[in-house]
Amino acid sequence: MNALNIQKGMSSHSAYDLRDPNAEIVESHTLAVLVENEPGVLARVIGLFSGRGYNIDSLTVAEVDHTGHQSRITVVTSGTPAVIEQIKAQLGRIVPVHEVHDLTVEGPSVERELGLFKVRGQGDKRVEALRIAEIFRANVVDSTLESFVFELVGTPSKLDAFADLMRPLGLADLARTGVAALARGA
Amino acid sequence: MSRSMTGARMVVEALRDQGVDTVFGYPGGAVLPIYDEIFQQNDITHVLVRHEQGAVHMAEGYARSTGKPGVVLVTSGPGATNAVTGLTDALLDSIPLVVLSGQVPTFLIGTDGFQEADTVGITRPCTKHNWLVKDPAKLAETIHKGFHVATSGRPGPVLIDIPKDVQFATADYVGPKQIEPAKYQPARKGDIAAITRLVELIEQAERPILYTGGGVINSGPAASQLLRELADATGIPVTSTLMGLGAYPASGKNWIGMLGMHGLYEANLAMHDCDLMINLGARFDDRITGRIADFSPGSVKAHVDIDPSSINKVIRVDIPILGDVGHVLEDLLKVWKSRGRKVNTPALGKWWEKIEGWKSKNCLFFRNSDKIIKPQHAMQRLEALTKGHDRYITTEVGQHQMWAAQYLGFDEPNRWMTSGGLGTMGYGLPASIGVQMAHPEALVINVAGDASWLMNMQEMGTAVQFRLPVKQFILNNERLGMVRQWQQLLHGERYSQSWSDSLPDFVKLAEAFGCKGAQVRDPGDLDAAIQQMIDYDGPFILDVLVEKHENCFPMIPSGKPHNEMLLGEAETQGVIESQGAVLV
């Protein structure tokens, strides 16, 4: 995670980060924000995004270190390179924020999301739904005679693809956790 | 040795341990236990304000003029919401404040109790950080942390919300030295490689400029001293933002005046034409840059700032240096000296010639009158008659503020208190009271406009109660002057709601408050009136009736670059295009 040892508040200086700082291209970035788990800290992070007009495409949060009261917020955001740098700097400025990592530029990372899909149907559609679920390695976590709830873990695009296939087969309800991400390697 | 005490006593104890001598506040139900403790001690003076907004601006004036954090105590609900404007003002101008607010007891939070407001929720975006303290054992520690956060890194306001039951509850007091070191520790030293690169550029630069801001003043007196040493040793011209006035002396040989929308012609042209811009603790505010695309197109830009989010926010810079201005200047001077104190002398000579050429435009020229007092003339006379005094100036917001910045000279930091970022009308009178509390013997003058002054005029009661001899210098044009000027320039001279009808008689108002007032309308009487104001031993309101339709120049119209300044009335026809009109 800390291979590049990027300090809180610094902009990313990866040797492989050859993006043009003035480009107007909107990019998607996954940020890992390590925060002190004190009351209101999530509101501070979310308030920063809404107050300054930045996008939140996905957000997950949970305490990851119970003794140290540290939580990890994973935010997927989008913006031009200049806006992304500004988001990181603004996040770093929040007092209870300890570290900000841009997983998109700091090196390879894994991103996973969990989705629960309720599919209603009978006959062929029901069989087809189960067949596709097997292909996607989704688990059946609830079953009735006319419905399944599938659990699927994967990248956001894998979950999108699964949802697209399930829609004509009777997708009735859908819950997604948002992205959790970690840097690859030791 | 542990000392057990109530939360209310802890508050007073913690303030005392933090070296607080003055608190600005207003009591109410949810802070009564703290007020009971204040009653039973003599170390901390409590200044009873007339409105909580006034308390926060007073604390800002106190902080800005001393370099110490200002402290405010307000009650829950309306007490806290009234503080919001002051908190936002302090956040934008990076003023260290610790605001303590009462809250309904913890068991009533969330029930819409009497005078309950979600204070931490409301103030979250307008403080640097805030806390709701639910555990009395954490109260003292949180207050100490609050002082640390408010004063370290880029300073700013913090708020600590204290429910009433926490004030009554008993716990062990924790002193500032007993708590573990805070995790919040912003870097102070700049990257030496970047500093060295900047020195190399200083050695070669043909047209360098030092563009200084409030960060130099926030860094402390040492930073101002180092700035003077750097400028005087290298011969680089110095300009400053509104917030940075006084860091380099107005009487200094390298001073070329304030820059920005109403800055000096020579300062703005030098910014536009420079080849090396050294930004020290300023933030490329929109009042400074004008049209971004044409901002100083040919320069290499260095930016020293303690806040990483200020760097590359508005203007992309070539040499970012993250650190405290004072520390960076110290290292910069060391490196520059060790490399042989080199500058590009022949080029600098030419650069100064060019600047002198711009100066000869005499951009602050105005047509004086012997019939009516011109506001610029009033500023010049105020400057002349107060120059030798131990003087502090505060202002409200508008034309008078810009004239004060243009015509008054500041030779020391911490002498100029104005609302720069938020532009809060009603700031100056309470700020002057806060300054006078910190400097009882000094001459403290609030340069005001009639409209701004009315916004917090209730605080004259505070000035009289505490015998604070603040001077209220009101440039009275019976207008909302800056609004009127913009309506003239961009809204077809339709003066919508921009005049002050039914103004009070300021002299009678002064008498009603129990202080002294005078009115002056004849230019021939102006000096005597100013002298009377200075000499009076107590708060004084001087109502200066000035030219009603005077515009503030020079001016960079919205949406225009630095080199398209307006210097006077003749140039104002149709100058702001529709694109510029949407800007503020």
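Residues numbered from 1 in each chain as written. Chains lettered and ligands numbered in written order. Predicted model: local features only at pLDDT ≥ 70, side-chain atom pairs only at ≥ 80, totals over all residues. Heavy atoms only, no water.

The name that an unreviewed UniProt entry assigns to chain B is Acetolactate synthase, with the source organism given as Paracoccus maritimus. Looking at the Catalytic activity (unreviewed entry) heading of the UniProt record, one finds this comment for chain B: "2 pyruvate + H(+) = (2S)-2-acetolactate + CO2". Quoted verbatim from the Sequence similarities (unreviewed entry) heading of the UniProt record, the comment on chain B is "Belongs to the TPP enzyme family." (UniProt positions renumbered as here; feature names shortened; annotations may be inferred.)

Within an unreviewed UniProt entry, the label attached to chain A reads Acetolactate synthase small subunit, and the organism entered is Paracoccus maritimus. UniProt, in its Function (unreviewed entry) section for chain A, records the words "Catalyzes the conversion of 2 pyruvate molecules into acetolactate in the first common step of the biosynthetic pathway of the branched-amino acids such as leucine, isoleucine, and valine." Taken from UniProt, the Subunit (unreviewed entry) comment for chain A reads in full: "Dimer of large and small chains."

1. Some words on the environment of threonine 418 of chain B
All names here are of chain B. For threonine 418, the location among the structural elements is in the loop between strand S16 (416-417) and helix H18 (428-438). Distance in space between the C-alpha atoms of threonine 418 and isoleucine 44 is 26 Å, their sequence separation being 374 residues. Sequence-distant contacts of threonine 418, defined by excluding residues within four places in its chain, comprise Asp93, Leu242, Met243, Thr395, Glu396, Gln401 and Tyr427. Polar side-chain contacts of threonine 418 include one of 2.5 Å to the side chain of threonine 395. Looking at threonine 418, its side chain comes within polar contact range of the side chain of glutamine 401, at 2.8 Å. (Helix = DSSP H or I, 4+ residues; strand = E, 2+ residues; numbered from the N terminus. Contact = heavy atoms within 4.5 Å. Polar contact = N/O pair within 3.5 Å; in protein donor to acceptor, adjacent residues only side chain to side chain.)

2. Considerations on the pattern of salt bridges
Residue and element names in this part refer to chain B. Applying the stated criterion to the full structure yields 33 salt bridges over all chains. For glutamate 13, the salt bridge identified is with arginine 16, shortest N-O distance 3.2 Å. On the criterion of helical spacing, the pair formed by glutamate 13 and arginine 16 is a turn pair, its members being three residues apart in helix H1 (residues 7-17). You can call glutamate 13 buried: its relative accessible area is 13%. Among the ionic contacts, a cluster of salt bridges with common partners joins Arg3, Glu13, Arg16 and Asp43. (Salt bridge = Lys/Arg side-chain N within 4 Å of Asp/Glu carboxyl O. Buried < 20%, exposed > 50% of the residue type's maximum accessible area, 1.4 Å probe, protein only.)

3. With respect to H18 of chain B
By the criterion of burial, H18 of chain B is predominantly enclosed, with 10 of the 11 residues buried. Within H18 of chain B, burial applies to Gly428, Leu429, Pro430, Ala431, Ser432, Ile433, Gly434, Val435, Gln436 and Met437 of chain B.

4. Here's the deal with the side chain of arginine 64 of chain B
Here arginine 64 of chain B shows up in helix H3 (residues 52-66). At 2.8 Å, the side chain of arginine 64 of chain B forms a polar contact with the backbone oxygen of methionine 243 of chain B.

5. Some thoughts on the packing of helix H16 (residues 375-386) of chain B against helix H17 (residues 399-407) of chain B
All names here are of chain B. Between H16 and H17, the shortest axis-to-axis distance is 9 Å and the interhelical angle comes to 45°. When the axes of H16 and H17 are compared, the pair comes out oblique. Judged by the sense of rotation from one axis to the other, the crossing of H16 with H17 is right-handed. Within the contact between the two elements, H16 uses Pro375, Gln376, Met379, Gln380 and Glu383 and H17 uses Trp403, Ala404 and Tyr407. Of the residues belonging to the contact of H16 with H17, the class tally is five nonpolar, two polar and one charged. (Axes fitted to C-alpha atoms, helices over the stretch in contact; angles between N-to-C directions. Parallel < 35°, antiparallel > 145°, perpendicular 65-115°, else oblique. Left-handed = near helix turned anticlockwise from the far one by under 90°. Nonpolar A, V, L, I, M, F, W, Y, C, P; charged D, E, K, R; others polar.)

6. Topic: the packing of aromatic side chains
Evaluation of the coordinates by the stated rule reveals 13 aromatic pairs over all chains. Both rings, one in phenylalanine 410 of chain B and one in tryptophan 416 of chain B, keep their centres 5.0 Å apart while their planes meet at 45°; by these two values the pair is tilted. Each of the two residues, phenylalanine 410 of chain B as well as tryptophan 416 of chain B, counts as buried. Pairing tryptophan 453 of chain B with phenylalanine 506 of chain B gives two aromatic rings, centres 5.7 Å apart and planes at 80°, and the pair type is edge-to-face. In this pair, tryptophan 453 of chain B sits in helix H19 (residues 450-455) while phenylalanine 506 of chain B sits in helix H22 (residues 506-513), placing the two residues 53 residues apart along the sequence. Summarising the burial analysis for this pair, tryptophan 453 of chain B and phenylalanine 506 of chain B share the class buried. Clustering of aromatic rings is evident, with ring pairs tying together Phe117, Phe136, Phe148, Phe150 and Phe162 of chain A. (Phe/Tyr/Trp six-rings, centres within 6.5 Å; stacked < 30°, edge-to-face > 60°.)

7. A few points about the domain arrangement of chain B
When the parts of a complex come together, some accessible area is lost, and that lost area is often taken as the interface size. All names here are of chain B. One can read the domain layout of chain B as domain 1 (3-173), domain 2 (192-359) and domain 3 (375-545). Distance between the C-alpha centres of domain 1 and domain 2: 37 Å. For domain 1, the biggest contributors to the area lost against domain 2 are Arg64, Asp93 and Arg154; these three give 70% of the whole. The tally of links between domain 1 and domain 2 comes to one salt bridge. Aspartate 307 is paired through a salt bridge with arginine 154; the nearest N and O atoms lie 2.7 Å apart. If you look at where domain 1 meets domain 2, you find four residue pairs in polar contact (both at pLDDT 80 or more). Grouping the constituent residues of the side of domain 1 that touches domain 2 by class yields two nonpolar, two polar and three charged. (Domains from an automatic or database assignment. Buried area = accessible area lost by both parts, 1.4 Å probe.)

8. Topic: the domain arrangement of chain A
All names here are of chain A. Domain annotation for chain A reports domain 1 (27-107) and domain 2 (110-183). Opposite the eight residues of domain 1 that make contact, domain 2 presents eight residues. A combined buried area of about 530 Å² lies between domain 1 and domain 2, and 54% of that area is made up of carbon and sulfur atoms. Broken down residue by residue, the surface that domain 1 buries against domain 2 is led by Thr60, Arg72 and Leu103, which jointly contribute 51%.

9. Here we look at H17 of chain B
Here H17 of chain B lies mainly inside the structure; nine of its nine residues are buried. Taken together, the buried positions of H17 of chain B are Gln399, His400, Gln401, Met402, Trp403, Ala404, Ala405, Gln406 and Tyr407 of chain B.

10. Things to note about the UniProt feature "domain: ACT" (unreviewed entry) in chain A
According to UniProt, the "domain: ACT" (unreviewed entry) feature falls on residues 30-105 of chain A. Helix and strand shares over residues 30-105 of chain A are 32% and 41% respectively, and the end C-alpha atoms of the span are 9 Å apart.

11. A few points about the UniProt feature "domain: Thiamine pyrophosphate enzyme N-terminal TPP-binding" (unreviewed entry) in chain B
On the UniProt side, "domain: Thiamine pyrophosphate enzyme N-terminal TPP-binding" (unreviewed entry) is annotated at positions that read residues 5-120 of chain B here. With 43% helix and 19% strand, residues 5-120 of chain B has its two end C-alpha atoms placed 25 Å apart.

12. Things to note about the UniProt feature "domain: Thiamine pyrophosphate enzyme central" (unreviewed entry) in chain B
Per the UniProt record, "domain: Thiamine pyrophosphate enzyme central" (unreviewed entry) is found at residues 195-332 of chain B. Each end of residues 195-332 of chain B is marked by a C-alpha atom, and these two atoms are 6 Å apart; helix forms 37% of the span and strand 20%.

13. Here's the deal with the interface of chain B and chain A
With 15 residues of chain B at the interface, the matching set in chain A holds 16 residues. Buried surface at the junction of chain B and chain A, summed over both partners, amounts to about 1,400 Å²; 53% is from carbon and sulfur atoms. When the area that chain B buries against chain A is broken down by residue, the three leading residues are Arg124, His129 and Arg316 of chain B, summing to 39%. Across the chain B-chain A interface, the total number found is two salt bridges. Its salt-bridge partner being glutamate 36 of chain A, residue lysine 183 of chain B comes within 3.3 Å of it at the nearest N-O pair. Here chain B is connected to chain A by seven residue pairs in polar contact (both at pLDDT 80 or more).

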